[in-house]
Amino acid sequence: MQNDEFLSIGKIINFHGIKGEAKIGYSNKNLISSLKFCYVEKNREKSKLEITSIRFHKNFAIIKFKEINSINELLEFKGKNIFLSKAEIENNLDKNEFLIDDLIGMKVFDNKEDYIGEVIEIKETLANDILCIKTPDENKEPVMIPFVKELVPVVDIKTKKIIIKPIEGLI
């Protein structure tokens, strides 16, 4: 597999206990809780690690890897991201879930079916993601729309179409 087919799903923050368990920071508990394996980068290669147990403590996942049995074996992975292939992640998504990267290139329309433009970038903020939409007017700056259900009620991955509720002053 090529590196661009992998997406980070968490990060090894530290060790937990003395038996080589990893303290993992993550963003999707459902995805983490169903893992049987993941990949970690070692010497510029992705190595597959089998997961023997997962439990949650505070805001972290405590994961035991079959291949790691001590603090010393885990220390070389401290600070490294854990990965799954994009295909493996997509197989774990619910019907109404999608990857944020899949929004790039989608056509955007208002709720009257008028074409607004195309998503060229997703910006992350502490509050929510922002859709950056390039309009057909080359002289106009991209339109920024907060990616919240109230403003973006429809995201159709199959037809690559997004419907937004326009707000005066945003478009």
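Here the structure is shown first, and the text comes after it.
The shown structure was predicted, so the numbers you read here are calculated from the model rather than taken from an experiment.

The rules behind these values
- Residues numbered from 1 in each chain as written.
- Predicted model: local features only at pLDDT ≥ 70, side-chain atom pairs only at ≥ 80, totals over all residues.
- Heavy atoms only, no water.
- Helix = DSSP H or I, 4+ residues; strand = E, 2+ residues; numbered from the N terminus.
- Rg over C-alpha atoms; globule rule 2.2 N^0.38 Å.
- Buried < 20%, exposed > 50% of the residue type's maximum accessible area, 1.4 Å probe, protein only.
- Contact = heavy atoms within 4.5 Å.
- Areas by Shrake-Rupley, 256 points an atom, 1.4 Å probe, with all protein chains shown as cover.
- Lys, Arg positive; Asp, Glu negative; His and termini not counted.
- Charge placed at Lys NZ, Arg CZ, Asp CG, Glu CD.
- Pairing = 2+ DSSP bridges.
- Axes fitted to C-alpha atoms, helices over the stretch in contact; angles between N-to-C directions.
- Core = buried A, V, L, I, M, F, W, Y, C linked by side-chain atoms within 4.5 Å.
- Salt bridge = Lys/Arg side-chain N within 4 Å of Asp/Glu carboxyl O.

Some remarks on the overall build of the protein chain
Working step 1: Secondary structure assignment for the protein chain yields three helices and twelve strands.
Working step 2: The C-alpha atoms of the protein chain give a radius of gyration of 20 Å, which is well past the 16 Å a tight globule of 171 residues would have.
Working step 3: Principal axes of the C-alpha set define a box for the protein chain whose edges measure 60 × 35 × 25 Å.
Working step 4: Residue burial in the protein chain is summarised as follows: out of 171 residues, 33% are buried.
Working step 5: Sequence separation of 24 or more characterises 49% of the internal contacts of the protein chain that already satisfy a separation of 6 or more.
Working step 6: Carbon and sulfur atoms provide 48% of the accessible area of the protein chain, an area that totals close to 10,900 Å².
Working step 7: Once the 27 positive and 28 negative side-chain charges of the protein chain are each reduced to a mean point, those two points are 7 Å apart.

Side note on the sheet that holds strand E7 (residues 107–110)
Working step 1: Taking strand neighbours across the sheet as the criterion, the six strands line up as E10-E9-E8-E7-E12-E11 in an open arrangement whose pairing is mixed. Single-partner strands in this sheet number two, and they are strand E10 (143–146) and strand E11 (154–156). Each neighbouring strand pair of the sheet contributes to a mean axis angle of 35 degrees, computed without reference to strand direction.

Description of the nonpolar core
Working step 1: Counting residues in each nonpolar core, the largest one holds 21 residues, and the members touching the most others are Ile9, Ile12, Ile24, Ile32, Ile63, Phe65 and Ile82.
Working step 2: When residues of this core are traced back to their parent elements, those giving at least two are strand E1 (6–16), strand E2 (21–26), helix H1 (29–33), strand E3 (37–42), strand E4 (45–57), strand E5 (60–65) and strand E6 (81–85).
Working step 3: Ranked by the residues each element gives to this core, the list is headed by E5, at three residues.
Working step 4: If near-sequence neighbours (up to four positions away) are discounted, Ile24 is found in contact with Gly10, Lys11, Ile12, Ile13, Phe60, Ala61, Ile63 and Ile82.

A word on the pattern of salt bridges
Working step 1: According to the stated counting rule, one finds seven salt bridges in the structure shown.
Working step 2: Residue Lys42 is joined to Glu76 by a salt bridge in which the shortest nitrogen-to-oxygen separation is 3.4 Å. With Lys42 in strand E3 and Glu76 in the loop between helix H2 (71–75) and E6, this residue pair connects regions lying 34 residues apart in the sequence.
Working step 3: Glu76 sits in the partly exposed class, given a relative accessible area of 43%.

Some words on the pairing of E3
Along any regular strand the residues' side chains alternate between the sheet's two faces.
Working step 1: Alignment of E3 against E4, held across six bridges, turns out to be antiparallel. In the sheet register, Val40 faces E4, and the bridge partner there is Ser47.
Working step 2: Between the end of E3 and the start of E4, which pair antiparallel, lie two residues, with Asn43 showing a positive phi angle near 55 degrees.
Working step 3: Summarising the sheet, E3 and E6 pair through two bridges and their orientation is antiparallel. Bridged to Tyr39 within E6 is Phe83.

By themselves, these observations are geometric and do not establish any function.
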